[in-house]
Amino acid sequence: MAGKGPHCSFVLLAEFDIDSGAQLTYQFPQPLGTDEGLLANLMLPDGAERHLEDWTIFFLNQTPFNTIAPVLALETESNDNQSNGEDGHPDLLYVLNLVRTKHDKSVRRGAVVKAMAICTRHPFIQIFKPVLLLALDDYFANPSQECLARLFDAINSMNISAAPALTRSEKVIMRASERKDIFAEKFSFHAPPLPPKAAHKTTGSNGSHSSEDGILIGRARSTTAASDPNPTHPPSPSDTSFSLGGSAVWVNDDSVIIDSQVGVAIGAGPGSVGGASVSGNSALTSRGRRSTDASSNSSHAYSGGAIPTSSDPHLRSGISKDTHFFQTSIAYKGHTLPIKLPLATFPEEVGEYSLIQLIQTFSTPLITISGPLHPHLHTNGSLTHPIIILFNALVTGKRILFLGHNIPAGQVANYVLSACALGSGCGAVLRGFIERAFPYAGLAGGEDWVSTPAYIAGVTNPIFETSGSWDLLMDIGTARVVVHKDIHLSFPPTTAPPALVNPMMPRPIKVENSVGSEDDIQRIATRDGKEGQKSEFAAKPDSLDNVFIEDLISAITSHFGETLVRMRFTEYVARFVRLASRYEEVAAGSTKLGYASAPFADGSLGSGIVFPDEAAAFKELAMNSSRIEGWRRSKSYQYCVQDFRKSRATAAIQGFDLSHQLSRLRLMKNLPDVEVELIVRSITDNLRKYEQVIELLAYMPPHAGGLQPLSFCLFHQQDSIREATVDIFNELRQYPVGVIFLQALNHFQRYAYVRQAHARESRMKDPNHGLALPPHMTSRTPSNRSEVSLGGI
């Protein structure tokens, strides 16, 4: 996580002079080598004197006009660090700027306006706001370059060397989970042994349990094993005891020793649970029941000790109370400022953006949409929601202008950053948006950023609306969405290439970039021979996009948080990419974006996007064909092709389309038994390493049911499918993150796993003798009547 180079590359100070305008007073530690007037005007936005304080954000090294050229390279940077390695362009520098106005009647115009900015390579620039506030206060009190030097040294002395560096799959899991102990094993933490009394502490009177509420969860591997790129395969169930302190705990059961101070389950001695054995011939005494929802602080012990939580008195420096963040500090002039560094941030996510704010602003009943309809933007005709219009404009490379007249520049910048996150699937799916984003853009350098193809800019001056050099205008103050009247001239229809027939489709479909091809797809989608409306004008209130936005608005109204909204958009963009892959096969016979679409046949797993039926496939292709064709001409599409090629080569699970298999289990009804068996067996055979476990869990987020699709296989009528599913869960329980996912299963699913895993181990220990169920379990009706489920009885 520490990476290369300093946390802060430059510190800038700008002041407004009534005679000469915005002036760049200081550049520390050296001049940037770019237009000083441009920098000063970006730091002192239009109308800054009307606000006592404002935050603005802008980027450097985006285009030739804002690329820096310092005379001396920084000591901690090398030439390799200054280029991104792909196209030879320097790495982006994110600039966080604080501008403040202090009224003073003793000066001309009665106010003093100063701005201080830091240039950093970290996209999570919001963590530097507290120290920047102190530094600007310091400068107002004692204006000198020493203030900039102190700020520069303070930021670069921040220690994040112990922060864990997460892979893409780990980031996806972390951001989807609300558990504050997710990946706690990755923090360098060594808990001291608890005293004997604490180790045998029992739950309070309000914590009664039943044995059915438990699940046998294997001892998760130690921190070293979890982070080892090539861990050894876990021992088989026959080699591992299910006794507490050996390899397993009963989650939310009497055999779990709950420490009320740390909120985690602490195991007793090997083979015992507060004096009670968990072997098959002993019964647990408690018969009560209590809730075990996914967010409860149930057991997640591993061999390295208890996972630290927010109330752990032994928390050390760097161990976060919420593992979504790494806790460090910045010392500035005797003040120690706590810093919470986010660990699951992608490069396309800059600052503290809010998708909820973006959706609410452009979902009001008073919103107005004007301008001509365009097939790239209006995928549902006149009923296309403004957020969907914005998404379509982002992925198809339109010039987007956010206007906030008399609104602080910092708020406008946040809308631009939110739009970039929206188009990229919160950074987890697509990229190429931040590099063409100008969170705050002013008149200075306007000719340069306006000439940037497909720019995404935020402005406060209404003169840019009249300039007409945009394709989509999003007016924040008045909730207007305006499509430029000449957009058809900027993006005219082109002649479609000859139609190619895909064997998966019963009829040919042409490339979607002309009226003729749109009509062809629409006729297939509606399954009639009549001339229907062109797809870009077919407005349906119940279209998939409208239902999606309505669900989001309903969730926001019900006070669901930003995390859920972000995950839903991540899924939305990921499905858009898989749909585009299917479209490419229809239009060109092959795809560069994903696995080729194929059904399950002849003992071979299927691949590609999953539809409920063929009619739904044609309808969704019809709705998305225009914007897919527009996206295929964008730079974001080129990046996506590169990313898929790289991810397919480096994926931990190789040989089949994992997303397709899980979607089949999640969405389809009446799957053939042979296909279900091949799916679970293929997953089992490819679940041998930590990286493979993480990749599997990344496709099963909690809000989408988590392990539920796989858990249903525990109740399948075929023994081989149930056995393979137990193999999968046995592998998951070897890791702390797998334990957390297993804990999220409901009581019925967890009990089924416990029973079958225990039955298997007993059979392996004594093949000639079936498992004798504990007395308190014999009265329970089994989930199925197979011999395995009854333990051989």
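Before any of the text, the structure's been laid out above.
Rules used throughout
Residues numbered from 1 in each chain as written. Predicted model: local features only at pLDDT ≥ 70, side-chain atom pairs only at ≥ 80, totals over all residues. Heavy atoms only, no water. Helix = DSSP H or I, 4+ residues; strand = E, 2+ residues; numbered from the N terminus. Buried < 20%, exposed > 50% of the residue type's maximum accessible area, 1.4 Å probe, protein only. Contact = heavy atoms within 4.5 Å. Areas by Shrake-Rupley, 256 points an atom, 1.4 Å probe, with all protein chains shown as cover. Axes fitted to C-alpha atoms, helices over the stretch in contact; angles between N-to-C directions. Parallel < 35°, antiparallel > 145°, perpendicular 65-115°, else oblique. Left-handed = near helix turned anticlockwise from the far one by under 90°. 1 Å grid on protein atoms, 1.4 Å probe; cavity = no way out; pocket = protein on both sides within 12 Å on 5 of 7 lines; lining within 4 Å. Points joined across faces, edges and corners; volume = space filled by probe spheres on them. Nonpolar A, V, L, I, M, F, W, Y, C, P; charged D, E, K, R; others polar. Phe/Tyr/Trp six-rings, centres within 6.5 Å; stacked < 30°, edge-to-face > 60°. Pairing = 2+ DSSP bridges. Core = buried A, V, L, I, M, F, W, Y, C linked by side-chain atoms within 4.5 Å. Patch = residues over 30% accessible without salt bridge, like charges linked within 9 Å, V, L, I, M, F, W, Y side chains within 5 Å. Salt bridge = Lys/Arg side-chain N within 4 Å of Asp/Glu carboxyl O. Lys, Arg positive; Asp, Glu negative; His and termini not counted. Charge placed at Lys NZ, Arg CZ, Asp CG, Glu CD. Expected span 1.5 Å × (residues − 1).

Colleague: I'd love a proper account of the overall build of the chain, names of residues and values included.
Modeller: From N to C terminus, the chain includes 24 helices and 17 strands. The buried share of the chain, reckoned over its 793 residues, is 56%. Taking contacts inside the chain between residues at least 6 apart in sequence as the whole, the part at least 24 apart equals 73%. Summing over all exposed atoms, the chain offers an accessible surface of approximately 32,800 Å²; the carbon and sulfur share of this is 53%.

Colleague: Could you give me a rundown of the packing of helix α4 (residues 168–176) against helix α20 (residues 690–698), with the residues and numbers involved?
Modeller: Each pair of packed helices can be summarised by the angle the axes make with each other and by the distance between the axes. Relative orientation of the contacting elements α4 and α20 amounts to 45°, with a least axis distance of 9 Å. Overall, the two elements α4 and α20 adopt an arrangement that is oblique. Crossing angle aside, the handedness with which α4 passes α20 is left-handed. Facing α4, whose interface residues are Ser169, Glu170, Val172 and Ile173, α20 presents Tyr690, Ile694, Glu695, Leu697 and Ala698.

Colleague: Pulling in residues and values, what's your account of empty space enclosed by the protein?
Modeller: Following the criterion strictly, the structure yields 4 cavities of 30 Å³ or more and no others. Considered as a void within the structure, the largest cavity measures approximately 110 Å³ in volume. Surrounding the largest cavity, 16 residues form its lining, Leu42, Phe65, Asn66, Phe438 and Tyr440 being those nearest its centre. Mapped by element, the contributors of at least two residues to the lining of the largest cavity are α1 (36–43), β3 (53–60) and β14 (437–438).

Colleague: Residues and numbers for the layout of surface pockets, please.
Modeller: Considered as a void within the structure, the second largest pocket measures approximately 740 Å³ in volume. Considering the residues around the second largest pocket, the lining is formed by 27 residues, among which His324, Phe325, Pro342, Thr345 and Arg566 are closest to the centre. For the lining of the second largest pocket, the elements supplying multiple residues, two or more each, are β11 (335–342) and α15 (562–588). A class-by-class count of the residues in the lining of the second largest pocket yields 12 nonpolar, 6 polar and 9 charged.

Colleague: Could you give an account of unusual backbone geometry, naming the residues involved and the relevant values?
Modeller: The residue after Phe28, namely Pro29, is reached through a cis peptide bond having omega 5°. You can see Pro29 is positioned in the loop between β2 (21–28) and α1. Non-glycine residue Asp602 carries a positive phi angle of around 55°. Mapped onto the elements of the fold, Asp602 is located in the loop between α15 and α16 (614–631).

Colleague: Can you tell me about the packing of aromatic side chains, naming the residues and giving the values?
Modeller: All told, the structure shown has 20 aromatic pairs when counted by the stated rule. Ring geometry for Phe569 and Tyr572: centres 6.1 Å apart, planes at 75°, overall edge-to-face. Of the two residues, Phe569 and Tyr572 both sit in helix α15, 3 residues apart, roughly one turn of that helix. Comparing Phe569 with Tyr572 shows no difference in burial state: the two are buried. In textbook terms, an aromatic cluster arises when at least three aromatic residues are bridged by ring pairs, as seen for Phe391, Phe548, Phe569, Tyr572, Phe576, Trp631 and Tyr637.

Colleague: I'd like a description of the sheet that holds β14, backed by residues and values.
Modeller: The pairing of strands in a sheet happens through backbone hydrogen bonds and is either parallel or antiparallel. Taken in spatial order, the 6 strands line up as β12-β17-β16-β13-β15-β14 in an open sheet, and their pairing is mixed. The outermost strands of the open sheet, each flanked by one partner alone, are β12 (368–370) and β14. Where helix α8 (residues 386–395) meets the sheet, its contacts fall on β12, β13 (400–403), β15 (456–459), β16 (472–475) and β17 (480–483), and the angle it forms with β16 comes to roughly 135°. Strands β13, β14 and β15 of the sheet are contacted by helix α9 (residues 409–424), whose axis makes an angle of about 165° with β15.

Colleague: Give me the lowdown on the nonpolar core, citing residues and values where you can.
Modeller: Formed by 155 residues in total, the largest nonpolar core has its most connected members in Phe402, Phe569 and Leu696. Sort the elements by how many residues they give to this core and α15 lands first, with 11 residues. With sequence-adjacent residues up to four places away left out, Leu696 is seen in contact with Ile653, Leu658, Leu662, Ile683, Leu687, Leu710, Ile728 and Leu732. In terms of nonpolar packing, the next biggest core, distinct from the first, is built from 38 residues, Phe10, Ala115, Phe464 and Leu473 among them.

Colleague: Give me the lowdown on the packing of α8 against α9, citing residues and values where you can.
Modeller: For the pair α8 and α9, interaxial distance at closest approach is 9 Å and the crossing angle is 75°. Considering their axes alone, α8 and α9 lie roughly perpendicular with respect to each other. Two secondary-structure elements touch here, α8 through Ile387, Leu390, Phe391, Leu394 and Val395 and α9 through Ala419, Leu422 and Gly423. Residue composition of the contact of α8 with α9, grouped by class: 7 nonpolar, 1 polar and no charged.

Colleague: Quick one: what's the story with the pairing of β17, residue by residue and with numbers?
Modeller: As paired strands, β12 and β17 are joined by 3 bridges and run parallel to one another. Note on β17: the bridge partner recorded for Ser370 is Val482. Hairpin connection of β16 to β17: 4 residues between the antiparallel strands, including Ala479 at a positive phi of 55°.

Colleague: Talk me through a negative patch on the surface; I want residue IDs and the actual numbers.
Modeller: Residues Asp35, Glu36, Glu447 and Asp448 make up a contiguous surface patch of negative charge. Looking at the secondary structure, you find Asp448 in helix α10 (residues 446–450).

Colleague: Help me get a handle on helix α3 (residues 145–156), residues and values and all.
Modeller: The first and last C-alpha atoms of α3 sit 17 Å apart over 12 residues, in line with the 16 Å expected at 1.5 Å per residue. Within α3, burial applies to Cys147, Leu148, Ala149, Leu151, Phe152, Ala154 and Ile155.

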